[in-house]
Amino acid sequence: MDETTRTDTKVLIFDTTAELYSEAATALQQLADEAIAARDRFLLVLSGGETSLPLYQRLANEPVHASFPWQQTHVFWGDERAVSPEDPMSNYGMARTHLLEAVPLPEANVHRIIGEVTAATAAREYSRVLQKMAGGGRAWPRFDVVLLGLGADGHTASLFPGSMHPARSGQATLAVTGSYDQRPTSRVTLTPPVFNSARSIFFLVTGERKAETLANVLEGDSSPVRYPARRIKPPRGTVTWFVDGAAASRLQQYQK
Ligand code: 6PG
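**Thoughts on the site of the ligand**
Residues in contact with the ligand amount to 16 residues; listed here are only the nearest, Glu50, Thr51, Asp79, Arg183 and Lys210. The side chain of arginine 81 places a nitrogen or oxygen atom 2.7 Å from an oxygen atom of the ligand. A total of 410 Å² of accessible area belongs to the ligand in isolation, and the protein chains cover 98% of it.

Written out as structure tokens, the structure is:
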């Protein structure tokens, strides 16, 4: 990749998770305001997992709640487990409970992946949703911000180790299976080209349990088949890693 297309990567290391989430919320709001000023809407992709929950709670409460441009915000998901919204494992259900029910985001702006049908059907259906939102015959919109987590096994969204994910493909979604922390294994995920067309990616990573994996993803040279998070490299976008001290403890090149 040449100078003009190299991914701009920042690693922000925080002493406390409170600071991490506060900074992530501020950065998100700033990008939302900029997107709306430029394009009249803010397209945000949410992640599942426990690490994103405190960010949702922060967005749902003051001071962010009152000043965030909810009316022009559209939410999507990077992945979903094949469960109903009422299931505690539903990524949509988690965001609904901790964020969406608390903020004035129009119902029509919630673009969820349907968990209560087969993953193959949900993937097809979500591809249609993305195509419609993109307009102009494109397969997906260029998202303003994508939130992602990192699994201790190196996965992100539902891109699991050992799977071949096409780096270039017109396919926006995939039905996959992947096992992690005894969570549901039948899932739908957006594909690397969709993530890599985004303007900004935020990875949120906390805890010692992920320290070694984080070092491998950021500083190692292993294949993305082993560490799928290494596939996330938007050539015209920025990646910001919001990391706490415990997760950063094995990093050598990136320091506070
Ligand atoms: C999911 C996710 C997934 C998650 C990681 C980290 O639906 O499971 O989107 O990629 O972000 O597994 O999960 P934790 O934050 O719970 O460690």
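There's more to say after this.
**Overview of the packing of helix H1 (residues 17-39) against helix H2 (residues 53-60)**
Contact pair H1 / H2: the axes reach a minimum separation of 9 Å and the direction vectors enclose 60°. Here H2 runs oblique to H1, going by the angle between their axes. By crossing handedness, the relation of H1 to H2 is classed as right-handed. Of the residues in H2, those touching H1 at Ala18, Tyr21, Ser22, Ala24, Ala25 and Leu28 are Pro54, Leu55, Arg58 and Leu59. The class makeup of the residues in the contact of H1 with H2 is eight nonpolar, one polar and one charged.

**Description of the packing of H2 against helix H4 (residues 91-98)**
Put simply, H2 and H4 touch, their axes get as near as 9 Å, and they point 35° apart. The handedness of the crossing between H2 and H4 comes out as right-handed. Here Leu53, Tyr56, Gln57 and Ala60 of H2 come into contact with H4, specifically with Met94, Ala95 and His98. For the contact of H2 with H4, the class distribution of residues is five nonpolar, two polar and no charged.

**Some points on the pairing of strand E2 (residues 42-46)**
Of all the five residues making up E2, five are buried; the element is thus mostly covered by neighbouring parts of the structure. What you see with E2 is no split at all: Phe42, Leu44 and Leu46 on one side and Leu43 and Val45 on the other are buried throughout. Pairing of E2 with strand E3 (residues 73-77), which is carried by five bridges, proceeds in the parallel orientation. Bridge pairing in E3 places leucine 44 opposite valine 75. In this sheet, strand E5 (residues 145-149) lies alongside E2 in parallel orientation, the contact comprising two bridges. Residue pairing across strands places leucine 44 opposite valine 145, the latter belonging to E5.

**Observations concerning the nonpolar core**
Phe143 and Trp241 are the most contacted members of the largest nonpolar core, which totals 75 residues. Sort the elements by how many residues they give to this core and H1 lands first, with nine residues. Each residue touching tryptophan 241, except ones within four places of it in the same chain, is listed here: Thr9, Lys10, Val11, Leu12, Leu150, Phe203, Val205, Leu214, Val217 and Leu218.

**So, the sheet that holds E5**
Taking strand neighbours across the sheet as the criterion, the six strands line up as E1-E9-E8-E5-E2-E3 in an open arrangement whose pairing is parallel. Two strands lie at the open edges of the sheet, namely strand E1 (8-14) and E3, each paired on one side alone. Going from strand to strand, the sheet's axes swing by 20° on average, the running direction of each strand aside. Judged from the seven bridges that link them, E1 and strand E9 (residues 238-244) form a sheet pairing that is parallel. What sits directly across from isoleucine 13, in E9, is valine 243. In this fold helix H7 (residues 211-219) packs onto E1, strand E8 (200-205) and E9, with an angle of close to 155° to the strand it touches most, E9.

**Overview of the layout of surface pockets**
What the second largest pocket holds in volume is close to 280 Å³. Contributing to the lining of the second largest pocket are 23 residues, with Gly48, Gly49, Leu150, His155 and Arg183 lying nearest its centre. For the lining of the second largest pocket, the secondary structure elements donating two or more residues are strand E4 (79-81) and E5. Partitioning the lining of the second largest pocket into residue classes produces four nonpolar, eleven polar and eight charged.

Rules and cut-offs
Residues numbered from 1 in each chain as written. Predicted model: local features only at pLDDT ≥ 70, side-chain atom pairs only at ≥ 80, totals over all residues. Heavy atoms only, no water. Near = heavy atom within 4 Å. Polar contact = N/O pair within 3.5 Å; in protein donor to acceptor, adjacent residues only side chain to side chain. Areas by Shrake-Rupley, 256 points an atom, 1.4 Å probe, with all protein chains shown as cover. Axes fitted to C-alpha atoms, helices over the stretch in contact; angles between N-to-C directions. Helix = DSSP H or I, 4+ residues; strand = E, 2+ residues; numbered from the N terminus. Parallel < 35°, antiparallel > 145°, perpendicular 65-115°, else oblique. Left-handed = near helix turned anticlockwise from the far one by under 90°. Contact = heavy atoms within 4.5 Å. Nonpolar A, V, L, I, M, F, W, Y, C, P; charged D, E, K, R; others polar. Buried < 20%, exposed > 50% of the residue type's maximum accessible area, 1.4 Å probe, protein only. Pairing = 2+ DSSP bridges. Core = buried A, V, L, I, M, F, W, Y, C linked by side-chain atoms within 4.5 Å. 1 Å grid on protein atoms, 1.4 Å probe; cavity = no way out; pocket = protein on both sides within 12 Å on 5 of 7 lines; lining within 4 Å. Points joined across faces, edges and corners; volume = space filled by probe spheres on them.

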